[in-house]
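In case you want the letters, here they are:
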Amino acid sequence: MSAARIAKLEELLRLDAGFLPMPAKIGAVPLREWLETFRDDRRQAPANIAALLDRPSEGPTLHEVAVTLIGRLTEPKA
């Protein structure tokens, strides 16, 4: 997994945390499909990403971060 992909994941979390719309696509790939590529990645997420999820001590995996964002894509906006 490249550093650029992890940086993009962090960017998406920041958009979500700020209640800003996430892009429909990453490059030419639909956002949900792009997030699905992290589904089998059990590596621990970097500390800055864990902090955005308010779970720095738990050390979430990249898989958990992606699943969280996928879930938020389907949540109705308030």
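Reading the values: rules and limits
- Residues numbered from 1 in each chain as written.
- Predicted model: local features only at pLDDT ≥ 70, side-chain atom pairs only at ≥ 80, totals over all residues.
- Heavy atoms only, no water.
- Helix = DSSP H or I, 4+ residues; strand = E, 2+ residues; numbered from the N terminus.
- Buried < 20%, exposed > 50% of the residue type's maximum accessible area, 1.4 Å probe, protein only.
- Contact = heavy atoms within 4.5 Å.
- Expected span 1.5 Å × (residues − 1).
- Arc of directions from axis to C-beta.
- Phe/Tyr/Trp six-rings, centres within 6.5 Å; stacked < 30°, edge-to-face > 60°.
- Core = buried A, V, L, I, M, F, W, Y, C linked by side-chain atoms within 4.5 Å.

(A) Region of interest: the side chain of Asp 16. Along the chain, Asp 16 falls in helix α1 (residues 3–17). Taking the relative accessible area as the measure of exposure, Asp 16 reaches 11% and is therefore buried. When sequence neighbours within four positions are dropped, the list of residues in contact with Asp 16 reads Met 22, Leu 69 and Arg 72.

(B) Broad picture of helix α4 (residues 62–74). Helix length check: α4, at 13 residues, gives a terminal C-alpha distance of 19 Å against a target of 18 Å (1.5 Å per residue), a fit within 8%. Within α4, burial applies to Leu 62, His 63, Val 65, Ala 66, Leu 69 and Ile 70. Along α4, the residues classed as buried sweep out an arc of 165° about the axis, all on the same side.

(C) How the structure looks around α1. Taking 1.5 Å per residue, 15 residues should reach 21 Å; α1 reaches 21 Å between its end C-alpha atoms and fits that length. Within α1, burial applies to Ile 6, Leu 9, Glu 10, Leu 12, Leu 13 and Asp 16. Each buried residue of α1 lies within a common arc of 155° when the element is viewed along its axis, so the set occupies one face. Within α1, the exposed residues directed more than 90 degrees away from the buried face are Ala 3 and Ala 4. Tucked inside the fold, the buried residues of α1 contact β1 (25–26), α2 (31–36), α3 (47–52) and α4. Looking one or two places after α1, you find Phe 19, whose phi comes out positive at around 55°.

(D) Region of interest: the packing of aromatic side chains. Inspection of every chain in the model, using the stated rule, returns one aromatic pair. Plain terms: the ring middles of Trp 34 and Phe 38 are 5.1 Å apart, the flat faces sit at 70° to each other, and that makes the pair edge-to-face. Each member of the pair, Trp 34 as well as Phe 38, carries the same accessibility label: buried.

(E) Representation of the nonpolar core within the structure. Leu 9, Leu 12, Trp 34, Leu 35, Val 65 and Leu 69 are the most contacted members of the largest nonpolar core, which has 18 residues in total. Counting residues per element, this core draws most heavily on α4, at five residues. Beyond its immediate chain neighbours, meaning those up to four positions away, Leu 35 contacts Leu 9, Leu 12, Ala 66, Leu 69, Ile 70 and Leu 73.

(F) Expanded view of the side chain of Thr 61. Among the structural elements, Thr 61 can be located in the loop between α3 and α4. Discounting residues that sit within four places of it in the chain, Thr 61 has contacts with Asp 41, Arg 42, Arg 43, Gln 44 and Ala 45.

Worth remembering: the numbers are spatial, not functional.
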